[in-house]
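# Fold and contact review
What follows is the residue order along each chain.
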Amino acid sequence: MTATLIKGTEIREKILEEITAEVADIKEKHGKVPGLVTILVGENPASISYVTLKIKTAHRVGFKEIQDNQSPDIAESDLLALIEKYNNDESINGILVQLPLPKHIDEKKILNAIDPDKDVDGFHPVNVGRLMIGGNEVKFPPCTPAGIQEMIVRAGVETKGAEVVVVGRSNIVGKPIANMMLQKGPGANATVTVVHTGTKDLAAHCKRADILIVAAGVPGLVKPEWIKPGSCVIDVGVNRVGEKISEKTGKKIAILRGDVDFDAAIEIAGFITPVPGGVGPMTITMLMQNTLKSLKYKLGI
Ligand code: NAD
């Protein structure tokens, strides 16, 4: 049996259409659109390409978008003042500081200066705490885990009572998705195990998983024999394993592989996400979702 592919590219299109329609509706009824500011410090090429994509997507769904590019020499105090300015700007619902920041700036201090009610990345300790409490307390689930949960739900995979195994315990993927899947409520209510570099028998845990979420950053870490037949496999890993010439543009592009041996796994799993085109496209989509939510919280709708 070949697994059903959960395509992030298709789910993204659907969600962005839903967001666009909702933004138009709110604009008509309340005269407001979500406002997102992206702050980019310096000229890191990867950061520029991420920010460009975020801006393009924000425009597509009808948001007000401010791109605030700052010199790499900006003083930490000036960056803090800039964040304070946007914290106080009524037209801004989401503040995003593109990481990494130059070495002379304390990233933690900057992220913690963002108003938690405009922290659409969901990295502020207040939002991490809200996520841990769960239920109505949650305002902005971090974007990659939110995308993972959305994919599982939209694929129609049962989560209630499922054995979920998460490989990886990072603050941006492993820990938050584990926390989200164990909450009581729809799209969760699972029994969750988190495995990591300190785990004795990785294979034994993975083999039990009805839903296996892998975010380790190790190409091909999960072997086909670790996958339970018929299970749902979410491969978050994005690993550059070489380069090739793009057929579309003729330019050099990276060859990307996930953390799962995809070609073998697709013959065993019931559902699987590809790399690329799986979890990747969901992250920016959920950033848009969080920014829209932020305006809705403010309007009380
Ligand atoms: P990280 O390096 O911060 O964390 C990796 C985790 O995996 C660690 O907790 C570590 O304990 C665990 N791990 C590593 N090697 C292991 C091994 N051999 N056995 C067991 N556990 C192991 O990484 P991250 O930021 O969580 O990202 C993980 C992967 O997901 C990366 O490939 C990253 O590029 C990708 N990623 C993709 C998206 C996206 O598609 N939108 C977003 C974030 C991260």
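Residues numbered from 1 in each chain as written. Predicted model: local features only at pLDDT ≥ 70, side-chain atom pairs only at ≥ 80, totals over all residues. Heavy atoms only, no water.

## Let's talk about the overall build of the protein chain
Across its full length, the protein chain holds 10 helices and 11 strands. Taken over the C-alpha trace, the protein chain has a radius of gyration of 20 Å; the compact-globule value for 301 residues is 19 Å, and the two agree within 12%. Projected onto its principal axes, the C-alpha positions of the protein chain cover 55 × 45 × 40 Å. For the protein chain, with 301 residues in total, the buried portion stands at 48%. Of all intrachain contacts in the protein chain linking residues separated by at least 6 positions in sequence, the fraction that spans at least 24 positions is 70%. Of the accessible surface of the protein chain, which amounts to about 14700 Å², a share of 54% is contributed by carbon and sulfur atoms. If you average the places of the 36 positive and of the 36 negative side-chain charges in the protein chain, the two averages end up 2 Å apart. (Helix = DSSP H or I, 4+ residues; strand = E, 2+ residues; numbered from the N terminus. Rg over C-alpha atoms; globule rule 2.2 N^0.38 Å. Buried < 20%, exposed > 50% of the residue type's maximum accessible area, 1.4 Å probe, protein only. Contact = heavy atoms within 4.5 Å. Areas by Shrake-Rupley, 256 points an atom, 1.4 Å probe, with all protein chains shown as cover. Lys, Arg positive; Asp, Glu negative; His and termini not counted. Charge placed at Lys NZ, Arg CZ, Asp CG, Glu CD.)

## Brief notes about the sheet that holds strand β3 (residues 64–70)
An order of β3-β2-β4 is seen for the three strands of this open sheet, with the pairing classed as parallel. Looking along the sheet, the strands with just one partner apiece sit at the ends: β3 and β4 (94–97). With direction set aside, neighbouring strand axes in the sheet form an average angle of 15°. Where strand β2 (residues 35–41) lies against β3, seven bridges are found, and the strand directions are parallel. Counterpart to Val 37 in the pairing with β3 is Ile 66. This element, helix α2 (residues 45–60), spans β2, β3 and β4 of the sheet and lies at about 165° to β2. Across the face of the sheet, helix α3 (residues 76–87) comes into contact with β2, β3 and β4 while running at roughly 175° to β2. (Pairing = 2+ DSSP bridges. Axes fitted to C-alpha atoms, helices over the stretch in contact; angles between N-to-C directions.)

## Overview of the site of the ligand
Inspection of the region around the ligand gives 20 residues, with Arg 169, Ser 170, Gly 217, Val 238 and Thr 283 positioned closest. With respect to the ligand, the backbone of Val 238 contributes an N or O atom lying 3.0 Å from an oxygen atom. One nitrogen or oxygen atom from the side chain of Thr 283 is found 2.7 Å from a nitrogen atom belonging to the ligand. Against a free-state accessible area of 850 Å², the protein chains account for coverage of 70% of the ligand. Looking at the shell around the ligand residue by residue, the class counts come to nine nonpolar, 10 polar and one charged. (Near = heavy atom within 4 Å. Polar contact = N/O pair within 3.5 Å; in protein donor to acceptor, adjacent residues only side chain to side chain. Nonpolar A, V, L, I, M, F, W, Y, C, P; charged D, E, K, R; others polar.)

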